[in-house]
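# Descriptive analysis of the structure
The lines below spell out each chain.
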Amino acid sequence: MRKLSLIILIATFNLLFVQSIRAEVKLPAIVSSNMVLQRNTTIMLWGWADAKEKITINASWLNEQLNIEADKEGNWIVELQTTNTKAPQTIKIISKESDILLENILFGEVWLCSGQSNMQQPVKGYNGQPTFGSAMATTKSANPNLRLFTVDRVGSKTPLQDVEKYTSWQQANHRNVSRFSAVAYFFGQQLQEILDVPVGLIHASWGGSPIQAWISKDVLNGYQKVSLDELDITKMTRSIPTALFNAMINPLTQYTIKGALWYQGESNRLEPENYKKLFPAMVKDWRQRWGIGDFPFYYVQIAPFMYGNNNNAFQTVDNSAFIRETQLQCLDLIPNSGIAITMDIGDDYCIHPPKKKEVADRLLFNALNQTYGYNTVDFAAPIFDSQEVKDGGIVLKFKNAETGLYSYDKLEGFEIAGEDKIFYPANAKVVNRKDVFAISDDVPNPVAVRYAWRNWVVGTLYDVNLLPASSFRTDKWGEATQVEK
């Protein structure tokens, strides 16, 4: 009898304990003290509680408290209007079993930063692979108006409601900045200084991940069959279709952002035509799930690199010029987008170029001009527009060259071909300060030009603000050969 009474007592205690735990309001990881909320807009607060739990929310900038009730599954969500104030704010969330106080909240500009290893690369660099300027950047990093949130690398077979592993919102300082994404940090630090408003950076990237891992199953199924039932999610997680979207992006989609930065492409370089479909599809997918319209989406073209120790690939996808071409073409396929060209800052034998601040600068120029109204800031690199056969050579004309073209020294990397589709090295020079003239004695009747059309090359063509032109071709030939000299 005493044993039975003890069992009943333990069961009753456990039931009351579970009920107490369930009754407490739970917030998603990204909603916490020190967070940055997108300023002067409608944002969401959400979380979980008991079914039909009554919750009171007091936000320091609102005149009235908000009274809400969780639904029958225990989910709750509420809209709040933020302001432009720079003063720190608080949010108090009260229920029968909870009394939550969120402090030191700022209103500012919130950017999501995602992709693979070149976005993941921290300010301190990788082992044996530096980030230039890291020591000074770390030394001067203390900034209470710059906040950092990191989603750790986790995958899931199904969409998660909350991130499983993370580093919560922190004020930038020398301890956390050194470990944070270098591209994201350099972008955010400068944006905060220029706009003189708080900035929040959400970092969610995974080195070596293909774009398929970042797309929802609903969308990706339109391009390839996705079935994860038999997969071990702990093995090669970064390569599993939809897995990173499920665990690292889906839990964030109710958190209002200003825009997104993306640095990815190496893992899809052998499928440029497929990437041309999947990349715009991913951006559209994300935008629909955030539900805040076509938010700004700025991305980085992959830099030249000696892939496979092979610089002789020319007309096959082993030549990364094809994926760079695809990334450039995606500008016209993705509304409200911009690209950072990196033809001049690659590294032949390091896939993680150390000049991450230059990458961030070019993303920043996109944001300043296209998002924040700094119309005098040049952001668009020269893009091939048209050609004219003239004087035994070809004159190339460019968009985004309103103030002309520039080269530090002699133009390199130009090749020219006739109707036989055999490309020969060409002599090239800037003419009229705005065009390029390419010519070769080996091609008396030229019809096409290619520039920097190989894995590893150092770009030499810029506009006058030193934004480099992408590699390009004026032809659309499925077959072509190259003569080396």
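Residues numbered from 1 in each chain as written. Predicted model: local features only at pLDDT ≥ 70, side-chain atom pairs only at ≥ 80, totals over all residues. Heavy atoms only, no water.

### Examining the packing of aromatic side chains
Scanning the entire structure with this criterion turns up 28 aromatic pairs. On the numbers, 5.8 Å between centres and 10° between planes, the contact of F149 with Y166 is stacked. With a gap of 17 residues between them, F149 in strand 8 (residues 143–151) and Y166 in strand 9 (residues 166–172) connect regions that are remote in the sequence. Note on F149: relative accessible area 0%, which makes it buried. Here Y166 falls in the partly exposed class, since its relative accessible area comes to 36%. Looking at R287, its charged tip hangs above the ring of F295, at a distance of 5.7 Å from the centre. (Phe/Tyr/Trp six-rings, centres within 6.5 Å; stacked < 30°, edge-to-face > 60°. Helix = DSSP H or I, 4+ residues; strand = E, 2+ residues; numbered from the N terminus. Buried < 20%, exposed > 50% of the residue type's maximum accessible area, 1.4 Å probe, protein only. Lys NZ or Arg CZ within 6 Å of the ring centre and 35° of its normal.)

### Some points on the nonpolar core
Counting residues in each nonpolar core, the largest one holds 103 residues, and the members touching the most others are W76, I202, F279, W286 and F414. Sequence-distant contacts of F279, defined by excluding residues within four places in its chain, comprise I211, W262, F297, Y299, C330 and I334. (Core = buried A, V, L, I, M, F, W, Y, C linked by side-chain atoms within 4.5 Å. Contact = heavy atoms within 4.5 Å.)

### A short note on the sheet that holds strand 19 (residues 427–431)
Taken in spatial order, the 4 strands make up an open sheet running 14-15-20-19, and their pairing is antiparallel. The sheet is open, and its two borders are formed by strand 14 (383–390) and strand 19, each paired with just one other strand. Looking at each pair of strands side by side, their axes are set apart by 25° on average, direction ignored. Note that strand 14 and strand 15 (residues 393–399) share 7 bridges and pair antiparallel. Bridge pairing in strand 15 places K390 opposite G393. (Pairing = 2+ DSSP bridges. Axes fitted to C-alpha atoms, helices over the stretch in contact; angles between N-to-C directions.)

### Some remarks on the side chain of S209
Looking at where S209 falls in the secondary structure, it is placed in the loop between strand 10 (199–205) and helix 6 (217–220). Residue S209 is classed as buried on the basis of its relative accessible area, which comes to 0%. Setting aside chain neighbours within four positions, we find S209 in contact with G115, Q116, W214, R238, L244, Q264 and S267.

### Here we look at a nonpolar patch on the surface
Residues Y406, Y408, V464 and L466 make up a contiguous nonpolar surface patch of about 370 Å² in total accessible area. Its location among the elements puts Y408 in the loop between strand 16 (405–406) and strand 17 (414–417). Exposure remark for Y408: the relative accessible area of 55% places this residue in the exposed category. (Patch = residues over 30% accessible without salt bridge, like charges linked within 9 Å, V, L, I, M, F, W, Y side chains within 5 Å. Areas by Shrake-Rupley, 256 points an atom, 1.4 Å probe, with all protein chains shown as cover. Salt bridge = Lys/Arg side-chain N within 4 Å of Asp/Glu carboxyl O.)

### Re helix 8 (residues 272–290)
With 19 residues, helix 8 should cover 27 Å at 1.5 Å per step; its first-to-last C-alpha distance of 27 Å lies within 8% of that length. Of all the positions in helix 8, only P272, Y275, L278, F279, P280, A281, M282, V283, D285, W286, R287 and W290 are classed as buried. Taken together, the buried residues of helix 8 touch strand 7 (99–115), helix 6, helix 7 (243–249), strand 11 (259–263), strand 12 (297–300) and helix 9 (321–329). In the stretch just after helix 8, G291 is the one whose phi turns positive, near 70°. (Expected span 1.5 Å × (residues − 1).)

Interpretation in functional terms is not warranted from these geometric data alone.
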